[in-house]
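One letter stands for each residue in the lines below.
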Amino acid sequence: MNQLTNQQVERFKGAFPSVKENESMVAHTYLKIGGLARLYFIAETGDAVVHAIETALSMQIPWTVIGSGSNLLVSDDGFQGVVIQTGDRTQKINGVSVSAAAGLFTGSLAYATVDAGLIGFEWGAGVPGTIGGATYGDAGCFGGEMQNVVSSVDVYDVINQKRVTFSHAECHFGYRDSRFKHEPLIILSTALTLKMGDVVAARLKISEMTAKRKDSQPQGLFSAGCLFKNFEFTDVSVLEKLQREDEIPETMIKAKRISAGWLVDKLGLKGKTIGKAQVSSIHGNFLLNLGGARAQDVLALSSYVKMKVRDELGILLEDEVQYLGF
Ligand code: EPU
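In this report, the structure presented in the accompanying data block is examined. Going along each chain's sequence as written, the residues are numbered from 1 onward. Totals for whole chains, interfaces and linings use every residue, but because this is a predicted model, local features are given only for residues with pLDDT of at least 70 and side-chain atom pairs only at 80 or more, for both listing and counting. Heavy atoms throughout the structure, all of them, feed into the side-chain values; hydrogens and water do not.

### Focus: the overall build of the protein
Line of reasoning, step 1. Every helix listed is a DSSP run of H or I at least four residues long, and every strand listed is a run of E at least two residues long, numbered separately from the N terminus. Tallying secondary structure elements over the protein gives nine helices and 21 strands in all.
Line of reasoning, step 2. Based on the C-alpha atoms only, the size of the protein along its principal axes is roughly 65 × 50 × 35 Å.
Line of reasoning, step 3. Think of it in three bands: with a 1.4 Å probe and only protein chains considered, a residue is buried below 20% of the maximum accessible area for its type, exposed above 50%, and partly exposed in between. Across the 326 residues in the protein, those meeting the buried criterion constitute 50%.
Line of reasoning, step 4. Restricting to contacts in the protein with at least 6 residues of sequence separation, those with at least 24 account for 63%.
Line of reasoning, step 5. Accessible area of the protein: about 15100 Å², with a carbon and sulfur share of 50%. By the convention used here, residues are in contact when the closest approach between their heavy atoms is within 4.5 Å. Where accessible areas are quoted, they stem from the Shrake-Rupley method and a 1.4 Å probe; at the residue level, only the protein chains shown are allowed to cover.

Below, the structure written as structure tokens:
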């Protein structure tokens, strides 16, 4: 990637005095991996996100927008451009209508909605990252999913350089997917519609989910959550190789989705280590940075896992994690 010129850097700094130079992405990713962002700007409002993008475009500076880096692998070479972090963490709750700025933590919103007497977003309590990221990637767990609660999304349309509101139908949500993954549309805020409900039951639900998560996922370690999407299928014949050897859990067959972690586990890959990156021994879809891992270690390990799953089971795993600077 071409280096930014001093003139580009100085001009951008002139427009955004709080921008940081040569910021280590280790500090901004849950994996604690990544080289330097040549410029790093925390946009405190949606307007600031738009202004930063438009300024970068006008100065021919490569740019990207991130949330809190919970699902992000940054290259060891970093990013020669400006990383714009969504820093607007505001929310509005009005009856059953909720509006959350892109930078709001998913967990904070979940607790706030329950405190306001609402149900339907309890599952968000343990989901790392921001509402912008959760909307982009249709985050979900324990039966909950963004696409079930989002009513509309405000974005900045980069091509037409204007703000647009997309209705639920226009977001084209799918499992861990949305149109925002495929088009230059930057999420500024998300509106959710929830229901009034039993707050005591909602709090209990949160503690049950927290306990489940503690039992089934690594805690307090550096990871990007699940690295791969679960494998979706329409025709069971693709599972032929698996069915010969293993009993596939009925729930996965019914859901037409096989847990990538379960597949990795079946192949005995838990604990597999390359450099300082390791497949978690608790959940096969979590790759851990044992401390000082490089992006190259994670890439090598994830490629190895994908290759094994493809060669031995005939299944191609797709990435859930997002890449920057490769
Ligand atoms: N399993 C194994 N071994 C493993 C992992 C899982 O046998 O190493 C088994 C479990 O025992 C269970 C089944 O596979 O019977 C499903 O496992 P789990 O409940 O952990 O769900 P998952 O399909 O592996 C998904 C989401 C998670 C979410 C959990 C809980 C994806 C890619 N992952 O995992 O989301 O937290 O369900 O609802 O959809 C994420 O997206 O980053 C993420 C962590």
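### A few points about the packing of helix 3 (residues 106-115) against helix 5 (residues 199-216)
Line of reasoning, step 1. It is at 9 Å that the axes of helix 3 and helix 5 come closest, and there the two elements cross at 155 degrees. Between helix 3 and helix 5, the angle is such that the two are roughly antiparallel. Within the contact between the two elements, helix 3 uses Tyr 111, Val 114 and Asp 115 and helix 5 uses Val 199, Ala 202, Arg 203 and Ile 206.
Line of reasoning, step 2. For the contact of helix 3 with helix 5, the residue count by class is five nonpolar, no polar and two charged. Here, axes are lines fitted to C-alpha atoms. For helices the fit covers the stretch in contact, and angles between N-to-C directions go from 0 to 180 degrees. In this scheme, roughly parallel covers angles under 35 degrees and roughly antiparallel covers those over 145, while 65 to 115 is roughly perpendicular and the rest are oblique. For this classification, Asp, Glu, Lys and Arg are treated as charged, while Ala, Val, Leu, Ile, Met, Phe, Trp, Tyr, Cys and Pro are nonpolar and the rest, including Gly, are polar.

### Structural notes on the sheet that holds strand 3 (residues 63-66)
Line of reasoning, step 1. Pairing between strands is defined by DSSP: at least two bridges between them are needed. Taken in spatial order, the four strands of this open sheet run 1-2-5-3, and their pairing is mixed. The open sheet has two edge strands, strand 1 (20-24) and strand 3, and neither has a second partner. Across the sheet, the axes of successive neighbouring strands diverge by a mean angle of 40 degrees, strand direction being ignored.
Line of reasoning, step 2. Where strand 1 and strand 2 (residues 36-43) come together, four bridges link them in antiparallel fashion. Bridge assignment links Glu 23 to a residue of strand 2, and that residue is Ala 37.

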